[in-house]
Amino acid sequence: MFKSSMHADLRNEVGSNACHRVRNNGHIPGVVYGHHVATRLIEVDQKKIDGIVRSHGTNVLLSLDMDGKDSTVIIKELQRHPITHHIMHVDFQEVSHDEKIHTTVPIVLRGREKVETKNSVVQHQLRELHIECLPQHVPNSIELDVTMLSPNHPLRIADMEFGSELTVLNEPNEVIASLTRAERVIDDPGEGEDLLNKVLGTNTEIK
């Protein structure tokens, strides 16, 4: 899991107007919460959080400096603008290195080019894995080899082996990926007309 650090300022004002002022000053409003700590309202530098998320996603173990004290946190939730997709709010969860957490990690398929042909394609059906583990063991992603895929034999959770430090919370029968026949796409309207005439057994002009 990628590790980074950033600074956060505590804030006292709440409400939409206060959040607008925070964003106008180049910061993002947020909160920090945890099992054994009080919830704190914070603001973080917009460029800093944008850079971390853009480069490493949300599975980041952060050392967050708040009021001169460092806390270990993960990004639990991002709220984005529905049109611009800019980060509008961020939730951090304070974690302990000896306490397991629940989180999700993206699934990356490797080797699909070895099984895909003009007649078959790999369908990536499950894109995130729900796991439980210690914060320092959260991977950036889970890479799975699909070179053994064959028609009618999809890749399921139960077919995979994961590290002993991870507990997978998904159902064992969930399908991760499958190999399916590619549907033929007709680009030439004339070709489609010829095919239809053959099916109908006539050369009637289609209008």
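Here the structure is shown first, and the text comes after it.
Position numbers for residues start from 1 in each chain and track the written sequence from start to end. Local features are withheld for residues below a pLDDT of 70 in this predicted model, meaning they are given only at 70 or higher, and side-chain atom pairs are given and counted only at 80 or more; totals for whole chains, interfaces and linings count all residues. Side-chain metrics rest on all non-hydrogen atoms present in the structure, leaving aside hydrogens and water.

(A) The arrangement of the environment of Gly30 in detail. Note on conventions: DSSP H or I runs of at least 4 residues are helices, E runs of at least 2 residues are strands, and numbering of each starts at the N terminus. Mapped onto the fold, Gly30 is located in strand β2 (residues 27-33). Accessibility here uses a 1.4 Å probe with only protein chains present; expressed as a share of the type maximum, an area under 20% marks a residue as buried, one over 50% as exposed, and anything in between as partly exposed. Its relative accessible area of 0% is what places Gly30 among the buried residues. Note: C-alpha distance between Gly30 and Cys19 (eleven residues apart in sequence) is 9.1 Å. Between two residues, a contact is recorded if the distance between any of their heavy atoms is within 4.5 Å. With residues up to four places along the chain from it excluded, the contact list for Gly30 reads Arg11, Arg40, Leu41, Ile42, His89 and Val90.

(B) Summary view of the pairing of strand β13 (residues 175-181). Pairing between strands requires that DSSP locate at least two bridges from one strand to the other. In terms of strand pairing, strand β8 (residues 120-124) meets β13 through five bridges, oriented antiparallel. The residue bridging Val121 from the neighbouring strand is Thr180, located in β13. The pairing of strand β11 (residues 155-156) with β13 spans two bridges and is antiparallel. Across the sheet, Arg156 pairs through a bridge with Val175, a residue of β13.

(C) Spotlight on the nonpolar core. Formed by 24 residues in total, the largest nonpolar core has its most connected members in Ile107, Leu109, Val122, Leu129, Leu149 and Ile176. For this core, the secondary-structure elements that each account for two or more residues are β7 (101-110), β9 (128-133), β10 (142-145) and β13. Counting residues per element, this core draws most heavily on β7, at four residues. Residues in contact with Leu149, not counting those within four places in the same chain, are Val115, Val122, Pro154, Leu155, Ala177, Ser178 and Leu179. Val32, Ile52, Met66 and Val73 belong to the second-largest nonpolar core, a separate cluster that totals 18 residues. Side-chain atoms within 4.5 Å are what join buried Ala, Val, Leu, Ile, Met, Phe, Trp, Tyr and Cys residues into a set we call a nonpolar core.

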